[in-house]
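Listed below are the residues making up each chain.
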Amino acid sequence: MLNKRLRACADFVSGRGIACDVGTDHAYLAAELLKSGKCREVIASDVAEGPLMAAERTLNQAGLMSKARIILSDGLTQIPPDNVTDVVIAGMGGETIVHILSSCEWIKSDVNLILQPMTKAALLREWLCSNGFFIIEEKIVHDGRFFYTVMRTSYTGENFQLSDFNRELGFQDWTDEVVKDYGRFRIAHYKRLSSQMAEAQPEKAEIYRKIAEELAEKTGEDTK
Ligand SMILES: C[S@@+](CC[C@H](N)C(=O)[O-])C[C@H]1O[C@@H](n2cnc3c(N)ncnc32)[C@H](O)[C@@H]1O
């Protein structure tokens, strides 16, 4: 069974065609997409040999190898685009995800991109919105001690300007209790950044103060 983080990624897969799981590691996500019947074919790719051996083991043990292709690739560079409708890039830092996206031309088409950054989600959002990608929806997942962000995006060719709040927190459903918990958890972070920057970078400190304030409004939390 998938953990909640990978479950959220799987839920964002369209199932219209082939899904490519970039940085597949043990191929748990790829295997589940086949097992559940959501996809009839998957590509499980990774930049390293070790994870691909683990991926092969998982898919073999589940009797799914006939529906999977395992490909050694830095990001999408070795992936044939034919009939790939969904690309999942999960469990990596935001900078690595930007590196992978910016090295591939064919994702600038009708491909459903599911991105799950472990760090630097704000940097990833900024890159997406300045490079013609539209963030269609986001989900916050709370698993164990951690919150994870999962986003679904696609290329439109149109750039747009993000507000400071949306760059940092994304496009969430603020009526959702998990999202509210995440927001409350982040207030302390932005308040800390704001006070740390008060002297040296007052403009940035003000941005973070306002984000903490907006979060408090959205979550009903008292920031005093
Ligand atoms: C922490 S694991 C995440 C596994 C799985 N996607 C998940 O979310 O649970 C990161 C995987 O990404 C792979 N990886 C890192 N950089 C990569 C790149 N540029 N291209 C493809 N795979 C990469 C690593 O080898 C590793 O197997």
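Each value, and the rule that gives it
Throughout this description, residue numbers start from 1 for each chain and increase along the sequence as written. Local features are withheld for residues below a pLDDT of 70 in this predicted model, meaning they are given only at 70 or higher, and side-chain atom pairs are given and counted only at 80 or more; totals for whole chains, interfaces and linings count all residues. Side-chain metrics in this entry use all non-hydrogen atoms of the structure; hydrogen atoms and water are not considered. Between the N-to-C directions of two axes lies an angle of 0 to 180 degrees, each axis being a line fitted to C-alpha atoms and, for a helix, fitted only over the stretch in contact. Each helix is a run of H or I in the DSSP string that is no shorter than four residues. Each strand is a run of E no shorter than two, and both are numbered from the N terminus. Any angle from 65 to 115 degrees is called roughly perpendicular, while one under 35 is roughly parallel, one over 145 is roughly antiparallel, and all others are oblique. Note on convention: near helix rotated counterclockwise from far helix by under a right angle means a left-handed crossing. Clockwise means right-handed. The contact rule is simple, with two residues in contact once any of their heavy atoms fall within 4.5 Å. In this count, Pro and Cys sit with the nonpolar residues alongside Ala, Val, Leu, Ile, Met, Phe, Trp and Tyr, while Asp, Glu, Lys and Arg are called charged and the others, Gly among them, polar. Here a Phe, Tyr or Trp ring, Trp counted by its six-membered ring, pairs with any other such ring whose centre lies within 6.5 Å, and the pair is stacked when the planes are under 30 degrees apart, edge-to-face when over 60, and tilted otherwise. Note on classification: 1.4 Å probe, protein chains only; a residue is buried when its accessible area is under 20% of the maximum for its type, exposed when over 50%, partly exposed between these limits. A positively charged side chain is recorded as over a ring if its NZ (Lys) or CZ (Arg) lies within 6 Å of the ring centre. The angle to the ring normal must also be within 35 degrees.

S.K.: Would you mind going over the packing of helix α1 (residues 4–12) against helix α2 (residues 28–35) in detail, with residue names and values included?
M.R.: Following both chains from N to C, one finds α1 and α2 inclined at 50 degrees, their axes separated by 10 Å at the closest point. Relative to α2, α1 is oriented oblique. As for the relative orientation of α1 and α2, their crossing is right-handed in sense. On α2, the residues that touch L6, R7, C9 and A10 of α1 are Y28, L29, E32 and L33. Partitioned by chemical class, the residues of the contact of α1 with α2 number six nonpolar, no polar and two charged.

S.K.: How would you sum up the packing of aromatic side chains? Please name residues and give values.
M.R.: All chains considered together, the criterion is met by eight aromatic pairs. Measuring from ring centre to ring centre gives 5.4 Å for F147 and F185, while their planes differ by 40 degrees; the resulting arrangement is tilted. With a gap of 38 residues between them, F147 in strand β7 (residues 146–155) and F185 in helix α7 (residues 177–197) connect regions that are remote in the sequence. Overall, F147 belongs to the buried group, its relative accessible area being 19%. An aromatic cluster of at least three residues, connected via ring pairs, comprises W127, F133 and Y155. The positively charged end of K218 is found above the aromatic ring belonging to F165, 5.3 Å away from the centroid.

S.K.: Tell me about the packing of α7 against helix α8 (residues 202–219), and name the residues and values.
M.R.: The contact between α7 and α8 brings their axes to 8 Å, and the two run at 160 degrees. On the basis of the axis angle, α7 is roughly antiparallel to α8. Judged by the twist between their axes, the crossing of α7 over α8 is left-handed. Between α7 and α8, the residues in contact are K180, G183, R184, R186, I187, Y190, K191, L193, S194 and M197 and P202, K204, A205, Y208, R209, I211, A212, L215, A216, K218 and T219, respectively. Here the contact of α7 with α8 is composed, by residue class, of 11 nonpolar, three polar and seven charged.

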